[in-house]
Amino acid sequence: MLDYDFMRTAFAAAGIVAVVSGAVGYFLVLRGQTFAGHALAHVGFTGATGAILVGVSPLWGLVLLTVLGGAGMGLLGARLAERDVAIGVVLAVSLGFGLLFLHFFTAYATQATALLFGNVLGVDMPTLWTLLGLGVVCLAALGVISRPLLFATLQPELAEARGVSLRLISVLFLCVVALAVAECAQIVGVLLVFTLMVAPAAAAQKLTTSLGRGVALAIVLAVAEAWAGVALAYWTDWPTSFWITSLGGIFYLAASLAGARSRR
Amino acid sequence: MTAIRLDGVTLALGGRIVLDTVDLRIGEREFVGVLGPNGAGKTTLMRAILGLLAPASGTISVLGAPAARGNPAIGYMPQSRAALAARLTGRDFVAAAVDGHRWGLPRLGAAGRAGVDRALGLVGATALAARPLGELSGGERQRLLLAQALLGSPRLLLLDEPLMSLDPHRQRDVVELVRQLQRELALTVLFSAHELNPLLPALDRVLYLGGGHAAIGTVAEIITGPVLSRLYGSDIEVIHLEGRIFVMSAGCEIERDEHRHDHA
Ligand SMILES: Nc1ncnc2c1ncn2[C@@H]1O[C@H](COP(=O)(O)OP(=O)(O)O)[C@@H](O)[C@H]1O
Ligand SMILES: [Mg+2]
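Residues numbered from 1 in each chain as written. Chains lettered and ligands numbered in written order. Predicted model: local features only at pLDDT ≥ 70, side-chain atom pairs only at ≥ 80, totals over all residues. Heavy atoms only, no water.

Draft legend 1. Up close: the overall build of chain B. Broken down by element type, chain B carries 8 helices and 13 strands. If one aligns the C-alpha atoms of chain B with their principal axes, the spans along those axes are about 55 × 40 × 35 Å. The 264 residues of chain B split such that 51% are buried. In chain B, of all internal contacts separated by at least 6 residues, the share reaching a separation of at least 24 is 63%. Put simply, chain B shows about 11,500 Å² of open surface, and 52% of that area lies on carbon and sulfur atoms. (Helix = DSSP H or I, 4+ residues; strand = E, 2+ residues; numbered from the N terminus. Buried < 20%, exposed > 50% of the residue type's maximum accessible area, 1.4 Å probe, protein only. Contact = heavy atoms within 4.5 Å. Areas by Shrake-Rupley, 256 points an atom, 1.4 Å probe, with all protein chains shown as cover.)

Below, the structure is given as structure tokens:
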């Protein structure tokens, strides 16, 4: 299967995105902001469809709107970012606009499916390089903010007293999440970013109580999920996103069972 | 030298005056119990001392310098909330506060690790710290929070309601531990609480807040009908019984009722 160029590209793209998703997802789960991540993906859908409409690459539309959305959520305050109803409304409106933009665009169905459910087998070389570049930026930014981010997540009042700006950290982190979401949407689509961003991280947190090992495990699980998904799709000819989401569910379930047993 | 000095300080939150023109001197190495009904401004006062809330008028100085954010001489234990990171070990939780305001990866150097070891040792939580937060009892978690507040060898400790939701036995342990640390390390301690009685064995003086006013002095000076009646703005009776003190309003014990209300 690795004889084919498109398969090699698919594995590379899935690997890059999984590393980013696993690492960023760990902090997203730790902060209890997974729904915000989900909403950013939907905002990204508007961006991607809008970009198609004006003739720009959908990836850049996705990146632009998710980052704007992330910064906006961070500025509006941590409390709003956790308010389910507000996020849910933004999420629905975004999908609605995306639908409208697609309506004006002729090659409706395939584009819509690719954006909503991902199309890792369709990643070309320029897109792969873009994914790599964005991934490096995303991980580097996460590395720079990770210490105050962790402090602000675990002990916000104390962090504030020590001089950490909670709002700045929140904005920067949501921008990092936005980049990760945009990457992730290329592989599994905007509707399914949960599977790479949340499932591996949540499974990792059930399996280990150490922070460093948790991040590493989240990355390993995400990569395993993504690569196994691509391989299974190749052998079965079923959609990659189906396999990736199924594996995500299985990993999470297995980790829950294992975690519950080890605690007994 | 005075550890904390307030001159004509008015603290306001969202346009509401919480403390009105308060003057206050707290000496070094004093153990001061901060008491007062719910909403009296105990947390607000601590946040102002930390430099997180600028006074509407007046000046606050801490250990001879104006109150400012990021003062390393202050250790702070915020009023506890439900622990978010229940799956993380106590040690990782405590360590998140080491240099947590600096950018970069959350990696501890040798000095950081030694600091965490020392703080955990001081509160007798070295063995506890290996376990995930979610599996610890309330009293055990308070000890970890105390260890976190002791990082970096502060001279002033602000402890916000460390006795909240602990049973009387554990309350006594926490008070004893803080008293012992205060003497060993020559600390100034502000210890806020709902109830006076658990603090009685440790207190040097009490700071009683109520109705925007503050009164500071020994228990004999402050916990009296006339002083508390002024702070509460209603008729208060103080009853001494078998070494315990009961603050009564219209035949009901005030602190006890508030405690119940808090958990309802
Ligand atoms: N962000 C806020 N805006 C306006 N009022 C607030 C805010 N936070 C707290 N308050 C009010 O300030 C008063 C003091 O609160 P607080 O310092 O938390 O009291 P305590 O810690 O003694 O229970 C309370 O009446 C509370 O309702
Ligand atoms: Mg309070």
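Draft legend 2. Quick look at the domain arrangement of chain B. All names here are of chain B. Looking at chain B, the domain boundaries give domain 1 (1-73 + 155-231) and domain 2 (88-153). The partner domain 2 presents 12 residues to the 15 residues of domain 1 that form the contact. Summed over both sides, the interface between domain 1 and domain 2 buries roughly 910 Å², with carbon and sulfur atoms accounting for 75% of that surface. If you look at where domain 1 meets domain 2, you find 1 residue pair in polar contact (both at pLDDT 80 or more). Looking at the side of domain 1 that touches domain 2, the elements with two or more residues in it are strand 7 (156-159) and helix 5 (168-184). Among the elements that make up the side of domain 1 that touches domain 2, the one with the highest residue count is helix 5 (4 residues). Classifying every residue of the side of domain 1 that touches domain 2 gives 12 nonpolar, no polar and 3 charged. (Domains from an automatic or database assignment. Buried area = accessible area lost by both parts, 1.4 Å probe. Polar contact = N/O pair within 3.5 Å; in protein donor to acceptor, adjacent residues only side chain to side chain. Nonpolar A, V, L, I, M, F, W, Y, C, P; charged D, E, K, R; others polar.)

Draft legend 3. Quick peek at the pairing of strand 10 (residues 213-217) of chain B. Residue and element names in this part refer to chain B. With 5 bridges joining them, strand 9 (residues 205-210) and strand 10 adopt antiparallel strand pairing. Within strand 10, the residue paired with Leu209 across the bridge is Ala214. Taking the residues that link successive antiparallel strands as the turn, the strand 9-strand 10 hairpin has 2 residues, and the phi of Gly211 there is positive, at about 55°. (Pairing = 2+ DSSP bridges.)

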